[in-house]
Amino acid sequence: MATMEKYRINSLAKDLNVKNKDLVQLLSDHGMPRRSSMSVLEEPELSLIFEHVTQSNQTDLTAYFKYYDDKKAAKKAEEAKKQAAVSPAEKVDAAKQDASASQQKPAAKKGAAPVKKKDKTQVRHVDTRGGASVDLSKYDDNLDKYDTRTDKDGKGVQRMKKKGANTRPGEGFKNGKPEQGKQQNQKKAPFKPKPVKLSITVPDEITVSELASRMKTAVAEVIKRLMKMGVMATVNQSIDFDTAFLLCDEMGIDVTKEVVVTIEERLFDESVDTEDMLVHRAPVVVVMGHVDHGKTSLLDAIRNTSVTSGEAGGITQHIGAYSVTANGENITFLDTPGHAAFTAMRARGANITDIAVLVVAADDGIMPQTIEAINHAKAAGVSIVVAINKMDKPTANPDNVKNNLVQYDLVPEEWGGDVICVPVSALKHQGIDELLEMILLTAEVMDLKANPNRAAKGVVVEARLDKGRGTVATILVQNGTLKMGDIVIAGTSVGRVRVMLNDKGQRITEAGPSCPVEITGLSEVPEAGDVIYAVKDEKMARELVEKRKQEKKEAEFSRNAKVNLDDLFSQISEGFKELNIIVKADVQGSAEAVKASLEKLSNEEVKVRVIHAGVGGISDNDVMLADASNAIIIGFNIRPDKSALSSAEEKHVDIRTYRVIYECLEEIEAAMKGMLAPKYKEVILGRAEVRQTIHVPNIGTIAGSYVQDGKITRNSSIRVVRDSVVIFEDKISSLKRFKDDVREVAQSYECGIGLEKFNDIKIGDILEAFIMEEIKA
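The rules behind the values
Residue numbers restart at each chain and count upward from 1, following the sequence in its written direction. Per-residue local features of the predicted model are confined to residues with pLDDT of at least 70, and side-chain atom pairs are confined, for both listing and counting, to 80 or more; whole-chain, interface and lining totals are unaffected and use all residues. Side-chain numbers here rest on the full set of heavy atoms in the structure, without hydrogens or water. Helix numbering and strand numbering both begin at the N terminus, where a helix is a DSSP run of H or I of at least 4 residues and a strand a DSSP run of E of at least 2. Contacts are residue-level and defined by heavy atoms, with any inter-residue pair within 4.5 Å sufficient. Surface accessibility in these figures is a Shrake-Rupley result with a 1.4 Å probe; residues are shielded only by whichever protein chains are displayed. Structural elements are reduced to axes, namely lines fitted to C-alpha atoms, with helices fitted over the stretch in contact, and the angle between N-to-C directions of any two is expressed from 0 to 180 degrees. Roughly parallel means an angle under 35 degrees; roughly antiparallel means over 145; roughly perpendicular covers 65 to 115; every other angle is labelled oblique. The residue classification treats Ala, Val, Leu, Ile, Met, Phe, Trp, Tyr, Cys and Pro as nonpolar and Asp, Glu, Lys and Arg as charged. All others, Gly included, are polar. With a 1.4 Å probe rolled over the protein chains alone, any residue whose accessible area is under 20% of its type maximum counts as buried; one over 50% counts as exposed, and the rest are partly exposed. What the arc describes is the spread of directions from the helix axis to the C-beta atoms. Two rings belonging to Phe, Tyr or Trp (six-membered ring only in the last case) form a pair when the distance between their centres is within 6.5 Å. Interplanar angles under 30 degrees mark stacking, angles over 60 mark edge-to-face geometry, and anything in between is tilted. In this analysis the charged atom, NZ for Lys or CZ for Arg, is taken to sit over a ring once it is within 6 Å of the ring centre and within 35 degrees of the ring normal. The criterion for strand pairing is that DSSP finds at least two bridges linking the strands in question. Each crossing gets its hand from how the near helix is turned against the far one by less than a right angle, where anticlockwise is left-handed and clockwise is right-handed. We count a salt bridge whenever a side-chain nitrogen from Lys or Arg sits within 4 Å of a carboxyl oxygen from Asp or Glu. Here a polar contact is taken to be a pair of N or O atoms separated by no more than 3.5 Å, where protein atoms must pair a possible hydrogen donor with a possible acceptor and residues adjacent in sequence count only if both atoms sit in side chains. Confidence of the prediction at every residue is given by pLDDT, a number between 0 and 100.

S.K.: Quick question: what am I supposed to make of the overall build of the protein chain here?
M.R.: Within the protein chain, the secondary structure is distributed over 20 helices and 38 strands. The long-range share in the protein chain, meaning contacts at least 24 apart out of those at least 6 apart in sequence, stands at 69%. Surface exposure of the protein chain reaches about 43400 Å², of which carbon and sulfur atoms provide 49%.

S.K.: What's the story with the packing of helix H7 (residues 219-228) against helix H8 (residues 241-250) in this structure? I'm lost.
M.R.: For any two helices packed against each other, the geometry is given by the interaxial angle and the distance between the axes. It is the contact of H7 with H8, at a shortest axis distance of 11 Å, that shows an interaxial angle of 105°. With respect to H8, the element H7 is oriented roughly perpendicular. Residues Val222, Arg225 and Leu226 of H7 pack against Thr243, Leu247 and Glu250 of H8. Among the residues making up the contact of H7 with H8, the classes are represented as three nonpolar, one polar and two charged.

S.K.: Is there a simple way to think about helix H19 (residues 642-651) in this case?
M.R.: Three- or four-residue spacings in an α-helix give side chains the same orientation, since the helix completes a turn every 3.6 residues. All buried positions along H19 are accounted for by Ala644, Ser647 and Ala648. All buried residues of H19 lie within an arc of 100° about the axis, which places them on one face of the element. Along H19, the residues that are exposed and aim more than 90 degrees away from the buried face are Glu649 and Glu650. The secondary structure elements touched by the buried residues of H19 are helix H18 (620-629) and strand E30 (655-658). Positive backbone phi, approximately 60°, marks histidine 652, located one or two places after H19.

S.K.: Please clarify how the packing of aromatic side chains should be interpreted in this entry.
M.R.: Ring pairs (aromatic) are described by centroid distance and by the angle formed between their planes. Using the criterion set out here, one finds three aromatic pairs in the structure. Considering the side-chain rings of phenylalanine 728 and phenylalanine 758, the 5.1 Å spacing of their centres and the 15° angle between planes classify their relative orientation as stacked. With phenylalanine 728 in strand E34 (residues 725-737) and phenylalanine 758 in the loop between strand E37 (750-755) and strand E38 (766-774), this pair connects stretches of sequence that are 30 residues apart. Seen from the ring of phenylalanine 241, lysine 257 lies directly overhead, with NZ or CZ sitting 5.4 Å from the centre. Positioned over the ring face of tyrosine 706 is arginine 691, at 4.1 Å from the centre of the ring.

S.K.: Explain helix H13 (residues 398-406) to me, please; I cannot follow it from the model alone.
M.R.: For H13, the set of buried residues is Val401, Lys402, Asn404 and Leu405. One face of H13 carries all of its buried residues, which in axial projection span an arc of 160°. Buried residues along H13 sit in contact with strand E15 (355-361), helix H12 (368-380), strand E16 (383-389) and strand E17 (420-423).

S.K.: Where do I start with the pairing of strand E25 (residues 515-522) in this structure?
M.R.: A regular strand carries its side chains on alternate faces of the sheet. Within E25, seven of the eight residues are buried, which leaves it mostly tucked inside the rest of the structure. Sheet topology places strand E20 (residues 470-479) next to E25; six bridges connect them, and they run antiparallel. Within E25, the position partnered with valine 477 by the bridge is cysteine 515. Pairing of strand E23 (residues 493-501) with E25, which is carried by four bridges, proceeds in the antiparallel orientation. When the bridges of E25 are listed, leucine 501 appears paired with glutamate 518.

S.K.: For this particular structure, what's the right way to read the packing of helix H1 (residues 9-16) against helix H2 (residues 20-29)?
M.R.: Put simply, H1 and H2 touch, their axes get as near as 9 Å, and they point 110° apart. Comparing the axis directions of H1 and H2 gives the class roughly perpendicular. As H1 packs across H2, the resulting crossing turns out to be right-handed. Here H1 contributes Ile9, Asn10, Leu12 and Ala13 to the contact with H2, which in turn contributes Asn20, Leu23, Val24 and Leu27.

S.K.: Explain the pattern of salt bridges to me, please; I cannot follow it from the model alone.
M.R.: When their charged atoms lie close together, side chains carrying opposite charge are able to pair. Tallying each qualifying case throughout the model produces 31 salt bridges. Residue arginine 722 pairs with aspartate 765 through a salt bridge whose shortest N-O separation is 2.7 Å. Taken as a pair, arginine 722 in strand E33 (residues 717-722) and aspartate 765 in the loop between E37 and E38 lie far apart in primary sequence, 43 residues in all. An identical accessibility class is assigned to arginine 722 and aspartate 765; each is buried. Each of Arg639, Glu682, Arg687, Asp709, Arg719, Glu729 and Glu768 takes part in salt bridges that share partners, so that together they form one network.

S.K.: Teacher, can you tell me more about the sheet that holds E25 here?
M.R.: Either a parallel or an antiparallel arrangement is found when strands of a sheet pair, and the pairing is made through backbone hydrogen bonds. Pairing within the closed barrel is antiparallel, and its six strands lie in the order E19-E20-E25-E23-E22-E26. With direction set aside, neighbouring strand axes in the sheet form an average angle of 45°. As paired elements, strand E22 (residues 487-490) and strand E26 (residues 531-535) share four bridges and run antiparallel to each other. Residue pairing across strands places alanine 490 opposite isoleucine 532, the latter belonging to E26.

S.K.: I'm lost on the side chain of histidine 612 in this one. Help?
M.R.: Relative to the helices and strands, histidine 612 resides in strand E28 (residues 607-615). Looking at histidine 612, its side chain comes within polar contact range of the side chain of asparagine 375, at 2.5 Å. Setting aside anything within four residues of it in sequence, one finds histidine 612 in contact with Ile371, Glu372, Asn375, Ile581, Ile582, Val583, Lys584, Asp622 and Leu625.

S.K.: Help me understand the environment of alanine 688, please; the structure alone is not making it clear to me.
M.R.: As for its placement among the helices and strands, alanine 688 is situated in strand E31 (residues 680-696). In this structure alanine 688 comes out as buried when scored by relative accessible area, which is 0%. Separated by 65 residues in sequence, alanine 688 and isoleucine 753 have C-alpha atoms that sit 9.6 Å apart.

S.K.: Teacher, can you tell me more about unusual backbone geometry here?
M.R.: Glycine aside, the phi torsion of most residues is negative, and most peptide linkages are trans. Phi is positive for asparagine 630, close to 55°, though the residue is something other than glycine. Of note, asparagine 630 is situated in the loop between H18 and strand E29 (631-636). The class for asparagine 630 is partly exposed, based on a relative accessible area of 27%. The backbone of asparagine 698 shows a phi angle near 65°, a positive value even though the residue is not glycine. As for its position among the elements, asparagine 698 is in the loop between E31 and strand E32 (700-713). Note on asparagine 698: relative accessible area 87%, which makes it exposed.

S.K.: I keep staring at the sheet that holds E28 and nothing clicks. Help me out?
M.R.: Pairing in this open sheet of four strands is parallel, and the strands run E28-E27-E29-E30 from one edge to the other. With one partner strand each, in any of the chains shown, E28 and E30 form the two edges of the open sheet. Between one strand and the next, the sheet's axes are offset by a mean angle of 25°, whatever the strand orientation.

S.K.: I'm lost on the confidence of the model for the protein chain in this one. Help?
M.R.: Low pLDDT means the predicted coordinates in that region are not meant to be read closely. Summing up the model confidence of the protein chain, the mean pLDDT is 76 and the portion of residues at 70 or higher is 73%. Ranking the helices and strands of the protein chain by mean pLDDT puts E37 first, with 92, and strand E3 (residues 124-126) last, with 44. Segment residues 338-343: pLDDT under 50, and 20 contacts once partners within four positions in sequence are set aside and those in other chains are kept.

Below you can see the structure in the form of structure tokens.
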């Protein structure tokens, strides 16, 4: 048998009038090795291709080849008869004529088409896919096995076709003869691969243009189908997942919900620990109380060291975190300053602890900052242990302290409550062991546990910028273990732990749960209260920091979502369940009455909770507490000072002042029901301080005033404020500079102000100018 000539896929595809990729796909579908268009075909591959080409029209091929076999046999018989009838002399003359004709044949004209010679021995085959005549004579060595395929009658099927015919094999034949009326140039549709069902992922919300891109469909078609579904959406509008699912299902596209994984979810390990992973951890205790009630001295007695001497004026200036051992167990203490100037630091300390030790002096009792400490501890939801200090003094009266505690819902255990009260003396070191034992008992009831075998998570207690060491942060590890060299991220700060010191200033290599440490290596000073994480991917951590910085910058230009009466009803509709209120009044009786009346407004949808009620003007401390607790401030017969107003505007805390109690109750009740529609709002124009009073006969008292901020106008109303308490509201009767009447007086200028009805003006009073401005709907 002769050696088979090699043929490539591209040449065979050209002869069969098909695409290269169709033949490659055919071979791949039948388990053949993956081929390219330049690959040489083996004998089994050629056999497969020709079997696929001819198998669909086997019956028609039988009739087709039988017709031409018969015609060929008849033609041979006729030629044999003619040759037998011609004499030998005539054969010689015919040969000479043919030779002379070939010599005298004229040259072809320029541009004329060449004349093709007829080749009666050419073997042709028709591609059943393209329908065109294809020369397959060069593949005869490979087609021998198909030359003997049989038809229904058992006769061989010849793959012969007359040259120039455009019919497909078997077309136009019936019973072995051509059909006269049949069109012979019909073509079969080109080969198309089977369509693959599209599958896409869709998030909770997606724009129409993005959905059309994922569906590989025109946007107009998507909009049209949405309109049929009753959804009117433009190209850039978003639709929810359910709508997108119904649309894709109608178009036969599989849809799966896209799970959006944020950087935080990839970076932070927030998995829940199982019970077998958890171990007992030390309680974190904060020491709170009024100024000079002995907080630092008590902590000093507990640690048996002296820290008071190193503080300015004996007052704690920053949060100190210390760890002590009692009865074989560790306790972590946070010493928060008790002075009013550090209210924010005390609030931060209460929010990261388990137990709050409230230090009350036995000779002083409950003081203003003690009340604030109680409110902060309650807002943080921590357990409270009361340490009645200075029991060594002759004027100590612990029963009076307990009696005062009951007024703030802190009932001692000996009176049937649940608050532990321990009498101690920090100076004499008396009752310290009992206090520590009570702290451990409370911690045992709370069953505090953590998992040390995971990446560390904690809270920044304080941070500062040291000239020689760079950024120094005191952190409290809450879960996991922080190790030297860990990559940490806190707020908008990221870095690697370079140095780690414990509360005694000793270098350590790792810190477990409830362990306070001081670290260096952060890129910038983090904010106190930031959550700090130990992570593995530094590149992703820096990416998250940049994202947080951008969000923080954008947040500076947008208003924080703080609760206020104007949109209280809409917030209730969105799931707001609790309204926190801070009440400040001119006298204690008014504060208690307003507090009791407000708490009665609670209903099934929203609970009104007065988190603090006090006497005096609205100060920065009140604004700070309202900001931390998302509360509004209600002032009754008092006014906020300038600093408190600036702080409230910066932190978007809502301050409302009233002079009649039922107006306050009606307004808040209307806001809860969604009916609050104020027609006017108060606009503060300016403030002036009375520096001299001049009595003018038949006119009254003229206030010689200095405009501190804003301006005083002739048509504005005046509110007389004395010691942050509103004394009287009146109209201006005269406004002069020197001897001239003026319409307004600007800031930093002096003027004389006369009021219509009020003459009891005193030096030091603040005249607050305001107007009632109509609110346009």
